[in-house]
Amino acid sequence: MSEVAANFEGEEVIMVTLIDSSPTSSALLRNGVRLLPVGSARWRVVARDGVVAGHLEARGDGAARRFRARRFHAATGAFRDVGEFWSAEEAVECLRLYR
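Here's a quick rundown of the structure. (Residues numbered from 1 in each chain as written. Predicted model: local features only at pLDDT ≥ 70, side-chain atom pairs only at ≥ 80, totals over all residues. Heavy atoms only, no water.)

Examining the sheet that holds strand β4 (residues 34-39)
Then comes step 1: Read across the sheet, 5 strands follow the order β4-β5-β6-β7-β8 without closing on themselves; strand pairing throughout is antiparallel. At either margin of the open sheet sits one strand with a lone partner, and together these are β4 and β8 (78-85). Across this sheet, the average inter-strand angle for adjacent strands is 30°, counted without regard to direction.
Then comes step 2: Taken together, the 7 bridges between strand β7 (residues 66-73) and β8 define a ladder with antiparallel strand orientation. (Pairing = 2+ DSSP bridges. Helix = DSSP H or I, 4+ residues; strand = E, 2+ residues; numbered from the N terminus. Axes fitted to C-alpha atoms, helices over the stretch in contact; angles between N-to-C directions.)

Rendered as structure tokens:
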């Protein structure tokens, strides 16, 4: 589920609710990034232009919850970790800027 809103600076943002085992997990995603669920705690991060920026993976529960940013490496045919973050927004922003 997502909805478009304007923040106090007038910048357009998209609020996306992540659906997984934690009812409180949500991320404020900027710049038109979309999350498409691909597993119970994994989402495909798609940029505004339709290009897949990578994957977001939720790990842990409660205060220990972390979000891993991953990108596909075509030469090896495997995913590589870009980093782990305390919020989904930070992980998604990392993937968006990593391109």
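A short note on the pairing of β7
Then comes step 1: Sheet topology note: the strand β6 (residues 52-59)/β7 ladder contains 5 bridges and is antiparallel. Paired with Ala58 across the bridge in β7 is Phe67.
Then comes step 2: Linking β6 back to β7 in an antiparallel pair, the connection comprises 6 residues, with Gly60 at a positive phi of about 80°.
Then comes step 3: Once β7 ends, the chain turns through 4 residues before running back antiparallel as β8, passing Gly77 with a positive phi of about 70°.

Side note on the pattern of salt bridges
Oppositely charged side chains can form a pair if their charged atoms are brought close together.
Then comes step 1: According to the stated counting rule, one finds 9 salt bridges in the structure shown.
Then comes step 2: Taking the shortest distance from any N to any O, the salt bridge between Arg65 and Asp61 comes out at 3.8 Å.
Then comes step 3: Arg65 sits in the buried class, given a relative accessible area of 10%.
Then comes step 4: Between Arg96 and Glu93 there is a salt bridge, with the nearest N and O atoms lying 2.7 Å from each other. (Salt bridge = Lys/Arg side-chain N within 4 Å of Asp/Glu carboxyl O. Buried < 20%, exposed > 50% of the residue type's maximum accessible area, 1.4 Å probe, protein only.)

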